[in-house]
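Topology and contacts: notes
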Amino acid sequence: MKRFFGYSSAILLSIFLTACASTPPVNPRPVWIENPGNGVSASAGMHVKGRAAQEELAIERARLEYAKRFGVSVDANQIVTTNVANGRAYTTSSSTSNEETKQTDVKAMVKAKWRDDDADVLYVWLVPAN
């Protein structure tokens, strides 16, 4: 009887240990997010207009950061106004963007994209175009 409980507890212990063992993530975080090399990485969280708009926003942010490195000065402003009346919210926004460039030939391309499904954040990696 003591042997039975000994074997049973050993089997249960091994089952619990294997269940708690960590498995590598299915979609591991790429190295280029923290170290983009001669390119830039940028991200965008969930977007109200969907994933296509989220991707456009991430690429726009990466392009702005990349352009800054090559003498393009970008001044972007966005004004968001929210009005609440009778329990309903109405939001309007307007944005302006001014660019001043010292070098006109800045070319880049999206080399990779990665989505963090847990946080619903899309990362893009922009590198110089050849």
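Please read all numbers here as calculations on a predicted model, not as lab measurements.

A few words now on the pattern of salt bridges. All told, the structure shown has 3 salt bridges when counted by the stated rule. In this structure, Lys 113 and Glu 55 form a salt bridge, with 2.4 Å as the shortest nitrogen-oxygen distance. Of this pair, Lys 113 sits in strand β4 (residues 108-116) while Glu 55 sits in helix α2 (residues 51-69), placing them 58 residues apart in sequence. Classification of Lys 113 as partly exposed rests on a relative accessible area of 46%. For Glu 55, a relative accessible area of 26% gives the class partly exposed.

In an α-helix there are 3.6 residues to a turn, and that puts residues three or four apart on one side. Taking 1.5 Å of rise per residue, 19 residues should cover 27 Å, and α2 covers 28 Å from first to last C-alpha, within 8% of that figure. Where α2 is concerned, the buried positions are Ala 53, Gln 54, Ala 58, Ala 62, Tyr 66 and Ala 67.

This brings us to the nonpolar core. Counting 9 residues, the largest nonpolar core consists of Val 40, Ala 42, Ala 44, Ala 58, Ala 62, Tyr 66, Leu 122, Val 124 and Leu 126. Elements that contribute at least two residues to this core include exactly β1 (40-44), α2 and β5 (121-128). Ignoring any residue separated from it by four or fewer positions in sequence, one finds Leu 126 in contact with Gly 39, Val 40, Ala 62, Arg 63, Tyr 66, Ala 108, Met 109 and Val 110. Trp 32, Ile 33, Trp 114 and Trp 125 belong to the second largest nonpolar core, which has 7 residues in total.

Our next topic: the side chain of Gln 54. Its place among the elements puts Gln 54 in helix α2. Of the residues examined, Gln 54 reaches a relative accessible area of 1% and is grouped as buried. Beyond its immediate chain neighbours, meaning those up to four positions away, Gln 54 contacts Ala 44, Gly 45, Met 46, His 47, Arg 115, Asp 120, Val 121 and Leu 122.

Moving on, we get to the sheet that holds β1. Read from one edge to the other, the open sheet built from 3 strands follows the order β1-β5-β4, with strand pairing classed as antiparallel. Of all strands in the sheet, those bounded by a partner on one side alone are β1 and β4. On average, each strand axis in the sheet is tilted by 25° relative to the strand beside it, whichever way the strands run. Where β4 lies against β5, 8 bridges are found, and the strand directions are antiparallel. Within the sheet, the bridge partner assigned to Lys 113 lies in β5 and is Val 124. Against the sheet, α2 contacts β1, β4 and β5, and its axis sits at roughly 145° relative to β1.

Conventions used here
- Residues numbered from 1 in each chain as written.
- Predicted model: local features only at pLDDT ≥ 70, side-chain atom pairs only at ≥ 80, totals over all residues.
- Heavy atoms only, no water.
- Salt bridge = Lys/Arg side-chain N within 4 Å of Asp/Glu carboxyl O.
- Helix = DSSP H or I, 4+ residues; strand = E, 2+ residues; numbered from the N terminus.
- Buried < 20%, exposed > 50% of the residue type's maximum accessible area, 1.4 Å probe, protein only.
- Expected span 1.5 Å × (residues − 1).
- Core = buried A, V, L, I, M, F, W, Y, C linked by side-chain atoms within 4.5 Å.
- Contact = heavy atoms within 4.5 Å.
- Pairing = 2+ DSSP bridges.
- Axes fitted to C-alpha atoms, helices over the stretch in contact; angles between N-to-C directions.

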